[in-house]
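What follows is each chain in one-letter form.
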Amino acid sequence: MQQTQWSPPAAGIAACGIAGVILTIPAVTLITDPPGRILAGVAGVGLIVFAILSWRARPKLAIEDAGLVTRGLFGTEILPRTTIKLIRITEFRRLARKVRLLEIDTIDDRLLVFTRWDLGTDPLQVLDVLTDAGYAGAGS
């Protein structure tokens with residue numbers, strides 16, 4: 001059975017939440033200098049919020065009968081096959097490593113971009129599955 005939905009890894013989300021708690025507790029209880037307290041507190045709360053929002057947006061991309069389902073901060077959207085103009089991989093070098101993005105371009109000129117974090121796997125593998133599912137007319 002081939003994978004039909006992709007989301008950020010649960011372990012990664014949990015690690016972000018735990019790191020946020022680890023930063024927030026000392027910011028409230030141990031750190032005495034105000035700038036350090038603010039910095040650690042903002043970083044900790046930021047990681048906790050990021051973890052919550054990442055968990056809420058799972059699965060980020062899924063294949064269903066109605067089309068591609070994308071989920072984000074503000075809800076779920078279904079993209080029927082007829083609204084998808086192009087699906088491609090964009091690849092570039094960043095900080096001495098290769099970064100791939102899965103881009104879905106719609107007929108109403110919206111661009112949805114998914115990173116490896118969003119999908120929990122290499123975007124190239126997701127493109128292969130989308131191609132096998134009949135979304136190949138969208139190109140690569």
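Before reading further, recall that the structure is shown in the block above.
None of these values were measured; they are calculated from a predicted model. (Residues numbered from 1 in each chain as written. Predicted model: local features only at pLDDT ≥ 70, side-chain atom pairs only at ≥ 80, totals over all residues. Heavy atoms only, no water.)

**Notes on the pattern of salt bridges**
Defined as follows: Salt bridge, as used here: a side-chain nitrogen of Lys or Arg that lies within 4 Å of a carboxyl oxygen of Asp or Glu. A helix here means a DSSP run of H or I that spans at least four residues, while a strand means a run of E at least two residues long, and both kinds are numbered starting from the N terminus. Throughout, exposure labels follow a simple rule: accessible area from a 1.4 Å probe, protein chains only, divided by the maximum for the residue type, with under 20% read as buried, over 50% as exposed, and the rest as partly exposed.
The tally for this structure, following the rule as stated, stands at seven salt bridges. The partner of Lys 85 in a salt bridge is Asp 105, with the nearest N and O atoms 4.0 Å apart. Of this pair, Lys 85 sits in strand β5 (residues 84-94) while Asp 105 sits in strand β6 (residues 97-106); the two residues are 20 residues apart in sequence, bridging distant segments of the chain. In this structure Lys 85 comes out as partly exposed when scored by relative accessible area, which is 40%. One salt bridge connects Asp 109 with Lys 85, and the closest N-O pair in it is separated by 3.3 Å. Here Lys 85 lies in strand β5 and Asp 109 lies in the loop between β6 and β7 (111-114), a separation of 24 residues in the sequence. When salt bridges that share partners are traced, they join Glu 91, Lys 98, Arg 100 and Asp 122 into one network.

**With respect to the pairing of strand β2 (residues 61-64)**
Along any regular strand, the residues point their side chains to alternate faces of the sheet. Applied cut-off: Whether two strands pair comes down to DSSP finding at least two bridges between them.
Across two bridges, strand β1 (residues 5-6) lies against β2 in antiparallel orientation. Pairing of Gln 5 across the sheet is with Ala 62, part of β2. As defined by bridge partners, β2 adjoins strand β3 (residues 67-72) across four bridges and the pair is classed as antiparallel. The residue of β3 that forms the bridge with Ile 63 is Leu 68. Between the antiparallel neighbours β2 and β3 lie two residues.

**Overview of the packing of helix α1 (residues 10-29) against helix α2 (residues 34-56)**
In plain terms, the rule: Simply put, an axis is a line fit to the C-alpha atoms, just over the touching stretch for a helix, and the angle between two N-to-C directions goes from 0 to 180 degrees. Any angle that falls under 35 degrees is termed roughly parallel, while one over 145 is termed roughly antiparallel, one within 65 to 115 roughly perpendicular, and all others oblique. Two helices crossing with the near one rotated counterclockwise from the far one by less than a right angle form a left-handed crossing, whereas a clockwise rotation gives a right-handed crossing. The contact criterion used is simple: two residues touch if any of their non-hydrogen atoms lie within 4.5 Å. Polar here means any residue outside two lists: the nonpolar Ala, Val, Leu, Ile, Met, Phe, Trp, Tyr, Cys and Pro, and the charged Asp, Glu, Lys and Arg; Gly therefore counts as polar.
As a packed pair, α1 and α2 sit with axes 7 Å apart at the nearest point and diverge in direction by 155°. One way to sum up the angle between α1 and α2 is to call them roughly antiparallel. Handedness of the crossing formed by α1 with α2: left-handed. Across the interface between the two elements, Ala 10, Ile 13, Cys 16, Gly 17, Ala 19, Gly 20, Val 21, Leu 23, Thr 24, Ala 27 and Val 28 from α1 touch Arg 37, Ala 40, Gly 41, Ala 43, Gly 44, Val 45, Leu 47, Ile 48, Phe 50, Ala 51, Ser 54 and Trp 55 from α2. Here the contact of α1 with α2 is composed, by residue class, of 16 nonpolar, six polar and one charged.

Everything listed is a geometric property; what it means functionally is a separate question.
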